[in-house]
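What follows is each chain in one-letter form.
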Amino acid sequence: SVYLNGQIDKIVFYMQDGLMVFNQGGTCTFANARMEEVYRELGYGETVVGRKYEELHMVNTSLSDVVMGRSVIKGKVCLGDYIFEESLSTLWEDGICEGIVAILQDQTKVQQMENEIAYRIAAVNEVHHRVKNNLQTIISLVGLEAAQTKNEEVKAFSKTIISRVRSISVTHDLLAHTGTDSVNLKTMLMRVVDGSLETNTVGQCRIRPNISGDDLELTASVATTVALIVNELIQNSLKYAFGGREEGKIDLDIEKGEQYSWITVKDNGCGFDQKSVKKAGGGLGLKLVDSLVKSSLKGEITVTSSDQGTSTRFSFWNRLKK
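The structure reproduced in this document is the subject of the present report. What you see is a predicted model, and the numbers here were worked out from it, not measured in a lab. Residue numbers here run from 1 along each chain, matching the order of that chain's written sequence. Owing to the predicted nature of the model, reporting of local features is limited to residues with pLDDT of at least 70; listing and counting of side-chain atom pairs is limited to 80 or more, with chain, interface and lining totals taken over all residues. Only heavy atoms go into the side-chain values, all of them from the structure, while hydrogens and water stay out.

1. Remarks on empty space enclosed by the protein
Inference 1: Definitions used throughout: a 1 Å grid over protein atoms alone; a cavity as a set of points that fits a 1.4 Å probe which cannot get out; a pocket as an open set with protein on both sides within 12 Å along at least five of seven lines; a lining residue as one with an atom within 4 Å of a point. Grid points are joined across faces, edges and corners, and a volume is the space filled by probe spheres set on the points. A complete count under the given rule lists one cavity of 30 Å³ or more for this structure.
Inference 2: A volume near 40 Å³ is recorded for the largest cavity.
Inference 3: Together, 10 residues line the largest cavity, and Arg-166, Ser-167, Val-192, Gly-195 and Ser-196 are the ones closest to its centre.
Inference 4: A helix here means a DSSP run of H or I that spans at least four residues, while a strand means a run of E at least two residues long, and both kinds are numbered starting from the N terminus. For the lining of the largest cavity, the leading source of residues is helix H6 (residues 185–199), giving five residues.
Inference 5: All residues other than Ala, Val, Leu, Ile, Met, Phe, Trp, Tyr, Cys, Pro, Asp, Glu, Lys and Arg, Gly among them, are scored as polar; the first ten of these are nonpolar and the last four charged. Looking at the lining of the largest cavity residue by residue, the class counts come to two nonpolar, six polar and two charged.

So, in structure tokens, the structure goes:
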């Protein structure tokens with residue numbers, strides 16, 4: 001109807017995207033308000049109607065190529081301070097090209113946001129990279145100090161410190177390389193296990209680690225805490241579970257739940273008397289683990305031990321804030 005056509009004309013005229021129509025000869029016969037506004041700011045005068053296709057700096061495609069191509073041609077166009085995605089399509093009737101329609105979608109704000117996001121990601125990655133380097137420096141300094149002393153207790157304490165710092169460094173190293181704000185749990189645990197085995201050898205005992213279960217992503221703060229806890233549990237197993245044995249096994253299992261997820265660290269070592277350990281007040285490592293699970297992860301922890309080995313299972317809330 002005439003009324004409907006009139007409404008469509010209004011919509012086209014005031015739409016947010018720029019729109020132009022060219023005739024067969026490449027002369028602009030129509031431009032909506034947005035298109036006129038853009039070219040007016042670029043100094044093209046009051047109107048672009050009547051100007052040629054080549055004057056208006058369309059996508060780097062000639063008029064004849066657009067007509068011959070028949071399909072929609074898209075590309076980015078920079079006009080002054082604006083960044084547009086331009087679409088060129090032909091109008092056909094009875095096999096004859098009647099003209100060309102050009103639509104400009106303003107991508108300026110989108111591009112600015114993408115640039116801002118890229119900058120922030122780069123800045124965060126740089127922070128993680130520097131933190132990792134600083135932690136590596138601490139590890140080197142502690143290692144040098146340990147090498148200078150003959151005191152075995154100091155050497156053992158240095159190994160513990162190096163192991164803990166290295167477990168924290170793992171998270172920052174992964175974040176620096178992935179360019180995201182989350183860490184893959186299985187990948188992180190593999191790195192923690194490798195670092196723990198490298199730091200604390202168990203004489204001639206060969207340790208067989210295994211990681212199984214669900215896979216999930218952790219935020220940086222949760223990942224760092226989980227890495228520290230798992231490292232501490234593995235260190236305990238390496239120190240106390242496999243004395244005099246030729247080989248041992250440490251299994252890590254991940255269970256992903258709706259609200260809470262669980263990690264179980266289990267060895268097949270000699271176990272320990274839980275009553276005696278509790279009566280003695282427990283070691284610093286176990287106190288650290290218990291505190292981190294309950295305070296930082298808002299989770300729970302259970303420990304079972306027998307002559308078949310020790311199993312520690314702890315949980316963490318999936319929706320912990322960064």
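Let us keep going from here.
2. A closer look at the nonpolar core
Inference 1: In this structure, Leu-185, Met-188, Val-226, Val-230, Phe-314 and Phe-316 are the most contacted members of the largest nonpolar core, which totals 37 residues.
Inference 2: Taken together, the elements giving at least two residues each to this core come down to helix H5 (152–178), H6, helix H7 (220–240), strand S9 (247–255), strand S10 (260–267), helix H9 (284–296) and strand S12 (309–317).
Inference 3: For this core, the element with the most residues is H7, which contributes 10 residues.
Inference 4: Those residues within four positions of Phe-316 in sequence are excluded, and the remaining contacts are Leu-216, Leu-218, Val-222, Val-226, Gln-259, Tyr-260, Ser-261, Ile-263 and Leu-297.
Inference 5: Side-chain atoms within 4.5 Å link the members of a nonpolar core, which is a set of buried Ala, Val, Leu, Ile, Met, Phe, Trp, Tyr and Cys residues. Burial classes: relative accessible area under 20% of the type maximum marks a residue as buried, over 50% as exposed, and values in between as partly exposed (1.4 Å probe, protein chains only). Core analysis: the next-biggest nonpolar cluster, separate from the first, contains 20 residues, Met-20, Cys-28, Val-66 and Ile-100 among them. We call two residues in contact whenever any of their non-hydrogen atoms come within 4.5 Å of each other.

3. Describing the pattern of salt bridges
Inference 1: Salt bridges are defined by distance alone: a side-chain nitrogen of Lys or Arg within 4 Å of a carboxyl oxygen of Asp or Glu. According to the stated counting rule, one finds 11 salt bridges in the structure shown.
Inference 2: The closest approach of N and O atoms between Arg-34 and Asp-106, which form a salt bridge, is 2.8 Å. With Arg-34 in helix H2 (residues 33–41) and Asp-106 in strand S5 (residues 96–106), the pair connects residues that are 72 residues apart, well separated along the chain.
Inference 3: Relative accessible area serves as the criterion here: at 31%, Asp-106 is assigned to the partly exposed category.

4. Examining the pairing of S10
Inference 1: Any two strands with at least two DSSP-identified bridges between them are counted as paired. In this sheet, S10 lies alongside S9 in antiparallel orientation, the contact comprising six bridges. Paired with Asp-253 across the bridge in S10 is Thr-264.
Inference 2: Turn length for the S9-S10 hairpin, with the two strands adjacent in sequence and antiparallel, is four residues.

5. Quick word on H5
Inference 1: By this rule, a helix spans an expected 1.5 Å times one less than how many residues it contains. Here H5 contains 27 residues, and its C-alpha end-to-end distance of 39 Å stays within 8% of the 39 Å for a straight helix at 1.5 Å per residue.
Inference 2: Looking at where H5 begins, the residue whose side-chain oxygen comes 2.8 Å from the main-chain nitrogen of Glu-153 is Asn-151. Nitrogen and oxygen atoms within 3.5 Å of one another constitute a polar contact, given that in protein one can donate a hydrogen and the other can accept it, and given that sequence-neighbouring residues count only through two side-chain atoms.

6. A look at the sheet that holds strand S7 (residues 206–213)
Inference 1: Across the sheet, which stays open at both edges, the five strands sit in the order S7-S9-S10-S12-S11 with mixed pairing between neighbours. Whereas interior strands pair on both sides, the edge strands pair on one side only; in this sheet they are S7 and strand S11 (301–306). Neighbour-to-neighbour, the strand axes of this sheet turn through a mean angle of 10°, independent of strand direction.
Inference 2: With eight bridges connecting them, S7 and S9 associate as parallel partners. The residue bridging Gly-213 from the neighbouring strand is Ile-254, located in S9.
Inference 3: Lines are fitted to the C-alpha atoms to define the axes, a helix being fitted only along its stretch in contact, and any angle between axes, read from their N-to-C directions, falls within 0 to 180 degrees. This element, H7, spans S7, S9, S10 and S12 of the sheet and lies at about 175° to S12.

7. Some words on the packing of helix H4 (residues 108–148) against H5
Inference 1: Close contact between H4 and H5 brings their axes to 8 Å; oriented N to C, the two are set at 165°. One way to sum up the angle between H4 and H5 is to call them roughly antiparallel. The element H4 and its partner H5 pack so that their crossing is left-handed.
Inference 2: Counted by class, the contact of H4 with H5 contains 13 nonpolar, nine polar and four charged residues. Angular relationships are summarised with four words: roughly parallel below 35 degrees, roughly antiparallel beyond 145, roughly perpendicular across 65 to 115, and oblique for the angles in between. With the far helix as reference, a near helix turned anticlockwise by less than a right angle produces a left-handed crossing, and one turned clockwise produces a right-handed crossing.

8. Describing the packing of aromatic side chains
Inference 1: Here is the rule: rings of Phe, Tyr and Trp (six-membered ring for Trp) pair when centre to centre is within 6.5 Å. Planes less than 30 degrees apart are stacked, more than 60 are edge-to-face, and the remainder are tilted. Counted according to the given criterion, the structure contains two aromatic pairs.
Inference 2: Look at Phe-22 and Tyr-53: their rings are 5.5 Å apart centre to centre, the planes differ by 75°, and that puts the pair in the edge-to-face class. In this pair, Phe-22 is assigned in strand S1 (residues 18–22) and Tyr-53 in the loop between H2 and helix H3 (63–69), connecting sequence segments 31 residues apart.
Inference 3: By relative accessible area, which is 1% here, Phe-22 ends up buried.
Inference 4: The exposure class of Tyr-53 is buried, given its relative accessible area of 3%.
Inference 5: Arranged with centres 5.0 Å apart and planes meeting at 90°, the rings of Tyr-39 and Tyr-44 form a pair that is edge-to-face.

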